[in-house]
Amino acid sequence: MSAVIDTHGHEDHGPKRGFMRWVTTTNHKDIGAMYLWFSLAMFFVGGLFALIIRSELFQPGLQIVEPEFFNQMTTMHGLIMVFGAVMPAFVGLANWLIPVMIGGPDMALPRLNNWSFWLLPFSFTILLSTMFMEGGGPNYGWTFYAPLSTSYAPPSVTFFIFAMHLMGVSSILGSINIIATIFNMRAPGMTLMKMPMFVWSWLITSYLLVAVIPVLAGVITMMLMDINFGTSFFDAAGGGDPVLFQHVFWFFGHPEVYIMILPAFGIVSHIIPAFARKPLFGYSSMVYATSSIAFLSFIVWAHHMFTVGIPLVGELFFMYATMLIAVPTGVKVFNWITTMFRGSMTFETPMLFALAFVVLFTIGGFSGLMLAIAPADFQYHDTYFVVAHFHYVLVPGAIFAIFAAMYYWLPKMTGNMYPEWLGKLHFWLSFVGMNLTFFPMHFIGLAGMPRRIPDYNMQFADFNMVASVGAFAFGFTQLLFLAIVIITIRGGKKAEAKSWEGAEGLEWSLPSPAPYHTFATPPEVK
Amino acid sequence: MSSATAIRRTLIKGLMVGVAMFGFGFALVPLYDIICEIAGVNGKTNTVAYTGTAEVDESREVRVIFMSVNGGAMPWHFRPEVTEMVVKPGQVYNTAYYAENLTGRDLVAQAVPSVSPGYAASHMNKIECFCFEQQPLAGGQDTRMPLQFMVDPDLPKSVRAITLNYTLFDITERVMRESASR
């Protein structure tokens, strides 16, 4: 294992100096930090695209961008946020935290880990560069339905496919690494059912990733062959079927959306017990609920395509299977609430984000249940109601959980406490901005405003204006987050080893900041 | 070091799952066709001529609606001879589609049929169809393309109307490529 190639083997052996440290590093904390910084950068890029969308939609009519460019913005916003911001952020947290949570010295495959990360900047450079190519970048939506993404795509689609392949290789290798770490690097005594919830959620997420990212690779390979090698997987003229694309894509796509939320469940399951000062209620039911959600994610994909003309039996099956997911998810929500019941709660920034997560994610879950009703979905399909739904599960779901995790573990990473009042300010501005942006979308969606269109009817004008104001408030608030991270890295109140009174877990037995190499000798787990 | 072997084993297993799932993605293609055929759901009709016969069901009438769509930038004029027929299940009917090549170039077209509701597709028996073959048409020429069909008497009672749609695709490039490679 290359992480322990250093022949001195001292615990305080520091990193190399300069730029090459980051290129050649095999240290899980360095790689985790790089993932997190990359994710933050992509979050701002994707956010910029979102603000271009919201600027155009501030008023009805076309005023700022061309419709062709608007299509590229909706597509790139989705792709960048899903594959560039949310996923790498969770992988970064996994890299940083899993070894210290299970008492291992590093990731199981440190050099592979370095490669997994370094594929990403190249992948996204290629993806972003397509916007400067002839015909523009991807304009077919983040779901890139064929034949829109094959017969009617701009020539840059081949670069898009290559970028997605690189990203996929990175994700698959990263998740195999996490599985190998969890199975082989645990401290003695750390049985599977003693593992922290974040580790459990990532173990399950890794399995989802290994199972579905290759299917994504398959579907983009089929696109590549249709475009360049004359096959007809999705081309009706040659005997193919465009609906097949949707089936294969959503077979990947539905587990994918759970890949973006399961680690968030894990994070919240750490933070709520810490600030309620009570152990997590129903640990084993949390494990089983997460596993059930992961299993169910494989058999519900067609609820994204109720309107393509699947037979009634199919509609019923996918409708009920989808509603079934509410059961394990409900178990989790009630477990979090029960954890807080009669706890001595305090409301530091991580807890505020975690509480907002529970409330707002549940709202997103309920609108998901509305969409699961097949006959109702014929009305909601492709409206802003869908946009409201998935932004409620992704923004205050995935992204708030990432913020919560950063505030919670930043003292461990940097050795300094973040300024609490700034953290709270960031929370409240984000909370208000986010709700102002996405809540009105429910109403305009139910009233029939279609998604991915740069213009709209006058009747939707007021709510769209509110949403745009909220989007700018939310977007610029995130610069505050960047400032808080920089301030905390540069200084501030020194963090104790156990930075939070109620914090539990092996990572809090390490000094803050955590040394470069940790648990070279495995700790004892009772 | 035994843990290094264990890690390698996990890595190999993980990569194998990845490769298998990549294959599974492609396996979904034939799987999809088989499931659609068994369930008869994707509106695809028979691709070779139907040869069976059936008793005419005098007690029942079904509307058949004919539609035509130009796929992509297909530069032909394409329309059905009649837009609607009232038929008796089991009886053989004749109709046709008209096509006119509006360009000055020789083009080859392929018509792709689709039936709605999808589960009626397997009951729409085509005895003769222009969609069974490629349709070459010289620049500026027009043609009448015959269609002979029979609605199966087993058609579910709930179906009172069947829509038969043809989408016409320009496959000239594909045909040229294939003949060049031959």
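Up top you'll find the structure we're talking about.
The numbering scheme is per chain: residues are counted from 1 as the chain's sequence reads. As they are written, the chains are lettered A onward and the ligands numbered 1 onward, keeping that order. For a predicted model such as this one, the threshold for reporting local features is a pLDDT of at least 70, and the threshold for listing and counting side-chain atom pairs is 80 or more; totals across whole chains, interfaces and linings nevertheless cover every residue. Side-chain numbers come from the whole structure's heavy atoms, not from hydrogens or water.

## Comments concerning the overall build of chain A
When helices and strands are tallied, chain A shows 16 helices and zero strands. Taken over C-alpha atoms, the radius of gyration is set against a globule rule of 2.2 Å times the number of residues to the power 0.38. For chain A, the C-alpha radius of gyration of 23 Å lies close to 24 Å, the compact-globule estimate for 526 residues. Along the first, second and third principal axes, the C-alpha set of chain A runs to 65 × 50 × 45 Å. Residues counted as buried form 63% of the 526 residues belonging to chain A. Each accessible area is a Shrake-Rupley result for a 1.4 Å probe, and residues are judged covered by the shown protein chains and nothing else. Accessible area for chain A stands at about 19,400 Å²; split by element, carbon and sulfur atoms hold 71% of it. Distance between charge centroids for chain A: 16 Å, based on 21 positive and 25 negative side chains. Secondary structure follows DSSP: runs of H or I at least 4 residues long count as helices, runs of E at least 2 residues long count as strands, and numbering of each begins at the N terminus. Summary of the burial criterion: residues with accessible area below 20% of their type's maximum are buried, those above 50% are exposed, and those between are partly exposed, where the area comes from a 1.4 Å probe applied to protein chains only. Neither His nor the chain termini are counted; the positive set is Lys and Arg, and the negative set is Asp and Glu. In plain terms, the charge of a residue is placed at NZ if it is Lys, CZ if Arg, CG if Asp and CD if Glu.

## Focus on the pairing of strand β1 (residues 62–70) of chain B
Should DSSP find at least two bridges between two strands, the strands are taken to pair. With four bridges connecting them, β1 of chain B and strand β3 (residues 84–87) of chain B associate as antiparallel partners. The residue of β3 of chain B that forms the bridge with V64 of chain B is M85 of chain B.

## Details of the interface of chain B and chain A
Interface size is often expressed as the accessible area that is lost when the parts come together. On the side of chain A, 38 residues touch chain B, which itself brings 27 residues to the contact. Together chain B and chain A conceal approximately 2,500 Å² of surface at their shared face, both sides included; 77% is due to carbon and sulfur atoms. Buried area: the accessible surface (1.4 Å probe) lost by two parts on joining, summed over both. It is I7, Y32 and R174 of chain B in chain B that bury the most area against chain A; as a group they hold 23% of the surface buried on that side. Here, a salt bridge means any Lys or Arg side-chain nitrogen found within 4 Å of an Asp or Glu carboxyl oxygen. The interface formed by chain B and chain A includes zero salt bridges. The contact definition used throughout considers only heavy atoms, calling two residues in contact when any of these lie within 4.5 Å.

## Focus: the environment of I484 of chain A
All names here are of chain A. Looking at the secondary structure, you find I484 in helix α16 (residues 461–490). We classify I484 as buried; its relative accessible area is 0%. I484 sits 56 residues away from W428 along the chain, and the two C-alpha atoms are 14 Å apart. Those residues within four positions of I484 in sequence are excluded, and the remaining contacts are Y407, Y418, P419, L422, G423 and H426.

## Quick word on the packing of helix α2 (residues 28–56) of chain A against helix α3 (residues 67–102) of chain A
Residue and element names in this part refer to chain A. Closest axis-to-axis distance for the α2/α3 pair is 7 Å, and the angle between their directions is 155°. In terms of axis orientation, α2 runs roughly antiparallel to α3. The hand of the α2/α3 crossing is left-handed. Residues were grouped as follows: Ala, Val, Leu, Ile, Met, Phe, Trp, Tyr, Cys and Pro as nonpolar; Asp, Glu, Lys and Arg as charged; and all remaining residues, including Gly, as polar. Residue classes in the contact of α2 with α3 are distributed as 25 nonpolar, 10 polar and two charged. The angle between two axes is taken between their N-to-C directions and runs from 0 to 180 degrees, where each axis is a line fitted to C-alpha atoms and a helix contributes only its stretch in contact. By definition in this entry, angles of less than 35 degrees are roughly parallel, angles greater than 145 are roughly antiparallel, angles of 65 to 115 are roughly perpendicular, and the rest are oblique. Each crossing gets its hand from how the near helix is turned against the far one by less than a right angle, where anticlockwise is left-handed and clockwise is right-handed.

## Describing the state of the cysteines
Residue and element names in this part refer to chain B. Pairs of cysteine sulfur atoms within 2.5 Å are identified as disulfides in what follows. On inspection of all chains with the given rule, the structure shows one disulfide over all chains. Each sulfur of the disulfide joining C129 and C131 lies 2.3 Å from the other. With the S-S dihedral at roughly 130°, the linkage between C129 and C131 falls on the right-handed side. Residue classification places C129 among the buried positions, given a relative accessible area of 5%.

## A few points about a nonpolar patch on the surface
Residue and element names in this part refer to chain A. Think of a patch as exposed residues, more than 30% relative accessible area, with no salt bridge, where like charges cluster within 9 Å and nonpolar side chains (Val, Leu, Ile, Met, Phe, Trp, Tyr) cluster within 5 Å. A contiguous nonpolar surface patch, about 440 Å² in accessible area, is contributed by F58, V432, L436, M465, V466 and V469. Elements with a minimum of two residues in the nonpolar patch: α15 (420–446) and α16. Relative to the helices and strands, V469 resides in helix α16. Among the residues examined, V469 registers a relative accessible area of 45% and is labelled partly exposed.

## A closer look at empty space enclosed by the protein
Space left empty within the atom packing is revealed by a probe, the size of a water molecule, rolled over the atoms. All names here are of chain A. Grid points spaced at 1 Å and placed over the protein atoms alone form the basis of the search, with a cavity being a set where a 1.4 Å probe fits but cannot get out and a pocket an open set showing protein on both sides within 12 Å along at least five of seven lines. Lining residues have an atom within 4 Å of a point. Grid points are joined across faces, edges and corners, and a volume is the space filled by probe spheres set on the points. A full pass over the atoms with the stated rule returns one cavity of 30 Å³ or more. Contributing to the lining of the largest cavity are 13 residues, with Y35, M87, V91, S170 and S171 lying nearest its centre. Elements with a minimum of two residues in the lining of the largest cavity: α3, α5 (157–184) and α6 (197–228). Taken together, the residues of the lining of the largest cavity sort by class into nine nonpolar, four polar and no charged.

## Thoughts on the nonpolar core
Among the buried residues, those of types Ala, Val, Leu, Ile, Met, Phe, Trp, Tyr and Cys that are joined through side-chain atoms within 4.5 Å form a nonpolar core. Ranked by size, the top nonpolar core spans 195 residues in total, and within it F83, L93, F160, W336 and F357 of chain A carry the most contacts. Take this core: its biggest share by element is 22 residues, from α3 of chain A. Listed in part, the 32 residues of the second largest apolar core include W76, M85, M124 and C131 of chain B.

## Brief notes about unusual backbone geometry
All names here are of chain A. Put simply, A146 and P147 share a cis peptide bond, and its omega is 0°. One can find P147 in the loop between α4 (110–129) and α5. For the bond running from S512 to P513, omega is -5°, close enough to zero to count as cis. Within the element layout of this structure, P513 appears in the segment after α16. Of note in this structure, D382 is not a glycine but carries a positive phi near 60°. With respect to the helices, strands and loops of the structure, D382 is situated in the loop between α13 (374–380) and α14 (384–414). Phi is positive for F519, which is not a glycine, with a value near 50°. As for its placement among the helices and strands, F519 is situated in the segment after α16.

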